[in-house]
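Report on the structure
Listed here are the chains, written in short residue letters.
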Amino acid sequence: MMNKPFSQACENNKQPILNILTTVFSSTKHVLEIGSGTGQHAVFFGQQLPHLTWQTSDLPINHLGINAWLDEAVLANVQRPITVDLHKTWPVPNNNLPVDGLYTANTLHIISWPLVVKFFAAIAQNLAAEASVCIYGPFNYNGKFSSESNANFDSWLKERDINSGIRDIEAILLLAKAAGLNLIDDHRMPANNRLLVFSKI
Ligand SMILES: C[S@@+](CC[C@H](N)C(=O)[O-])C[C@H]1O[C@@H](n2cnc3c(N)ncnc32)[C@H](O)[C@@H]1O
């Protein structure tokens, strides 16, 4: 059995995020997570929100790690990872049931801007009407980093991949609007992150 991958950031942010998801997803039935990463968020949120199903997804390279967390947790409502590669058309998760919730954390600054554009276009195509969409991560406001640590993080990201980087909230909101998403809340979170909550028209 493989050692489970571990993210300290996920351990730190899972409870503050849950505090908001508890309300936002209170009547949501089927959540699709994009970029589940280690799988820690899926296991924690699945345990704490047993009224919904949580469909994990990521590139195949991360499936083994996500499965290791799921093997240990044994949760009936958290589903084995499917491949959602934002370069491609999304598969239909949840046995064809309508996806009325979407969650993603720390993905929009990792993928390239053209993929961010595709991400929102896919939301427009794949999500049910009135779906709730939660996007967690750092954002810039008025063209400025919201902290020195975010500025350093952005430099670090760009050294690894010039196409990555912290996104401008104004550009994100334009894409969201074009995808039929209304911004409901923009929560300030610990460590200079935000949790954006949208509702699909
Ligand atoms: C920084 S990690 C965040 C993981 C996790 N959500 C978290 O908060 O720790 C970024 C995630 O985006 C995923 N990712 C990168 N490129 C992707 C793509 N083209 N399609 C789907 N996911 C992608 C990575 O595999 C990784 O899981």
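The following paragraphs examine the structure supplied in this document. (Residues numbered from 1 in each chain as written. Predicted model: local features only at pLDDT ≥ 70, side-chain atom pairs only at ≥ 80, totals over all residues. Heavy atoms only, no water.)

**Examining the layout of surface pockets**
Roughly 1000 Å³ of internal volume is contained in the largest pocket. Lining the largest pocket we find 39 residues, and of these Ala 105, Asn 106, Thr 107, His 109 and Ile 110 sit closest to its centre. Within the residue set of the lining of the largest pocket, elements represented by two or more residues are helix H1 (8-24), strand E1 (30-34) and helix H5 (148-160). Ranked by residues supplied to the lining of the largest pocket, first place goes to H5 with 6 residues. In terms of residue class, the lining of the largest pocket is made up of 19 nonpolar, 16 polar and 4 charged. (1 Å grid on protein atoms, 1.4 Å probe; cavity = no way out; pocket = protein on both sides within 12 Å on 5 of 7 lines; lining within 4 Å. Points joined across faces, edges and corners; volume = space filled by probe spheres on them. Helix = DSSP H or I, 4+ residues; strand = E, 2+ residues; numbered from the N terminus. Nonpolar A, V, L, I, M, F, W, Y, C, P; charged D, E, K, R; others polar.)

**Side note on the nonpolar core**
Counting residues in each nonpolar core, the largest one holds 28 residues, and the members touching the most others are Trp 90, Leu 102, Leu 108, Phe 119, Phe 120, Ile 123 and Ile 135. Elements with a contribution of two residues or more to this core: E1, strand E4 (99-105), helix H4 (113-126), strand E5 (127-137), helix H6 (169-178) and strand E9 (193-200). In terms of residues, this core owes the most to one element, H4, which gives 6 residues. The contacts of Ile 135, once residues within four sequence positions are left out, are Thr 104, Leu 108, Phe 119, Phe 120, Arg 194, Leu 195, Leu 196 and Phe 198. In this structure, Leu 18, Ala 42, Leu 70 and Val 78 belong to the second largest nonpolar core, which totals 25 residues. (Core = buried A, V, L, I, M, F, W, Y, C linked by side-chain atoms within 4.5 Å. Buried < 20%, exposed > 50% of the residue type's maximum accessible area, 1.4 Å probe, protein only. Contact = heavy atoms within 4.5 Å.)

**Some words on the pairing of strand E8 (residues 181-189)**
Both E8 and E9 contribute to a ladder of 8 bridges, which runs antiparallel. Within E9, the residue paired with Asp 185 across the bridge is Val 197. Between E8 and the antiparallel strand that follows it, E9, lie 3 residues; Ala 191 among them carries a positive phi value of about 60 degrees. (Pairing = 2+ DSSP bridges.)

**Re the site of the ligand**
With respect to spatial proximity, 17 residues lie near the ligand, and among them Gly 35, Asp 58, Asn 62, Leu 86 and Ala 105 are the closest. Gly 35 places a polar main-chain atom, nitrogen or oxygen, 2.7 Å from a nitrogen atom of the ligand. Gly 37 has a polar backbone atom sitting 3.5 Å from an oxygen atom of the ligand. In isolation the ligand exposes 590 Å². Once the protein is present, 83% of that is buried. When atoms are counted within 2 Å of each cavity's grid points, the one that captures over half of the ligand is the largest pocket. Partitioned by chemical class, the residues of the shell around the ligand number 8 nonpolar, 7 polar and 2 charged. (Near = heavy atom within 4 Å. Polar contact = N/O pair within 3.5 Å; in protein donor to acceptor, adjacent residues only side chain to side chain. Areas by Shrake-Rupley, 256 points an atom, 1.4 Å probe, with all protein chains shown as cover. Sits in = over half its atoms within 2 Å of the grid points.)

**Here we look at empty space enclosed by the protein**
A full pass over the atoms with the stated rule returns 1 cavity of 30 Å³ or more. Considered as a void within the structure, the largest cavity measures approximately 30 Å³ in volume. Considering the residues around the largest cavity, the lining is formed by Asn 106, Thr 107, Leu 108, His 109, Tyr 136, Gly 137, Pro 138, Phe 139 and Arg 167. Residues of the lining of the largest cavity, tallied by class, amount to 4 nonpolar, 4 polar and 1 charged.

**Considering the packing of H1 against helix H2 (residues 40-48)**
Relative to each other, H1 and H2 sit at 40 degrees, their axes nearing to 10 Å. Judged by the angle between their axes, H1 and H2 are oblique. Here H1 runs over H2; the crossing is right-handed. Contact with H1, carried on its side by Cys 10, Glu 11, Asn 13, Lys 14, Gln 15, Ile 17, Leu 18 and Leu 21, involves Gln 40, His 41, Phe 44, Phe 45 and Gln 48 of H2 and no other residues of that element. (Axes fitted to C-alpha atoms, helices over the stretch in contact; angles between N-to-C directions. Parallel < 35°, antiparallel > 145°, perpendicular 65-115°, else oblique. Left-handed = near helix turned anticlockwise from the far one by under 90°.)

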